[in-house]
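Breakdown of the fold
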Amino acid sequence: MPRLNNPTVLLTRPKASSDAFVAELTKIAGAFEPLISPAFEIVATDAPVIPFEVAIFTSRAGVVHAPHGLGRLAYCVGEATAKAAQLAGYDARSAQGGAPELIAMILREQPQAALLHFRGEVSYGNIRDTLNDHGLKCSHTIVYRKSPCAPSRDFILGSTSTHSCIICLFSAETVSIIAEWPIEFSGIHVVAISQNVADAARRLKPASVTTSNAPTLGEMAAATSRLIA
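Please read these numbers as outputs of a predicted model, since none were measured by experiment. (Residues numbered from 1 in each chain as written. Predicted model: local features only at pLDDT ≥ 70, side-chain atom pairs only at ≥ 80, totals over all residues. Heavy atoms only, no water.)

This part is about the layout of surface pockets. Approximately 1,400 Å³ is the volume attributed to the largest pocket. Taken together, 48 residues form the lining of the largest pocket, with Arg13, Thr58, Ser59, Val77 and Phe170 sitting closest to its centre. For the lining of the largest pocket, the leading source of residues is helix α3 (residues 79-87), giving four residues. When its residues are assigned to classes, the lining of the largest pocket shows 22 nonpolar, 19 polar and seven charged. (1 Å grid on protein atoms, 1.4 Å probe; cavity = no way out; pocket = protein on both sides within 12 Å on 5 of 7 lines; lining within 4 Å. Points joined across faces, edges and corners; volume = space filled by probe spheres on them. Helix = DSSP H or I, 4+ residues; strand = E, 2+ residues; numbered from the N terminus. Nonpolar A, V, L, I, M, F, W, Y, C, P; charged D, E, K, R; others polar.)

Written as structure tokens, this is what we have:
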């Protein structure tokens, strides 16, 4: 696929996360125009937290809505989540991948402690049941949910212009939200953070789908930069 000249890069994560991605992409990519319209807002569920010895985090939102770490061990899906957990007082370890890599790391270490997965209302990977099936003691608590947002007028106009467009997608749940937006994706190029997200994104019938080499911010920026002239 030829590289795109000064494309619009559409971002649907919450603004702080989208701004961080724009900063990372700016370091390595050619000219592009970022356009942010969050697909959701994070809403706390105020669920009670059962006693635990070791935390499992699959997102930074899970860390935000968990109690202070007090030095407890935390297994984290990736570097960004691990950094957030470290700041929240956990002894954080990163699986540097997705849910399969996280599960594999925990099974290798075989922690004989009460594990608690702090997760959102929608969660992929079946972490709790998989760990329990392998003899570990794991529970989960739903500490947040994603409340869908409508796209901004600028976002709709930007996505339907004749200008080249790239949309960066970080979760299958986001795909399910934006699939309901009044946007035609057939001319838009998707960059997906994982194969699971890439498979979900194909329902949008985009112009192309590119998958990041690893589910990290840096690799997502690298995959996106390769589409930009």
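Per the counting criterion, the structure on display carries five aromatic pairs. Ring plane angle 85 degrees and centroid distance 5.6 Å describe the contact between Phe21 and Phe170, whose orientation is recorded as edge-to-face. Separated by 149 residues along the polypeptide, Phe21 in helix α1 (residues 15-28) and Phe170 in the loop between β9 (165-169) and α7 (172-178) bring together distant segments of the chain. Phe170 matches Phe21 in its accessibility class, with the two residues each being buried. Taking the centre distance of 5.1 Å and the plane angle of 85 degrees together, the rings of Phe57 and Tyr90 count as edge-to-face. You can see Phe57 sitting in strand β4 (residues 54-57) and its partner Tyr90 sitting in the loop between α3 and β6 (91-94), a full 33 residues away along the chain. Both residues of the pair, Phe57 and Tyr90, count as buried. (Phe/Tyr/Trp six-rings, centres within 6.5 Å; stacked < 30°, edge-to-face > 60°. Buried < 20%, exposed > 50% of the residue type's maximum accessible area, 1.4 Å probe, protein only.)

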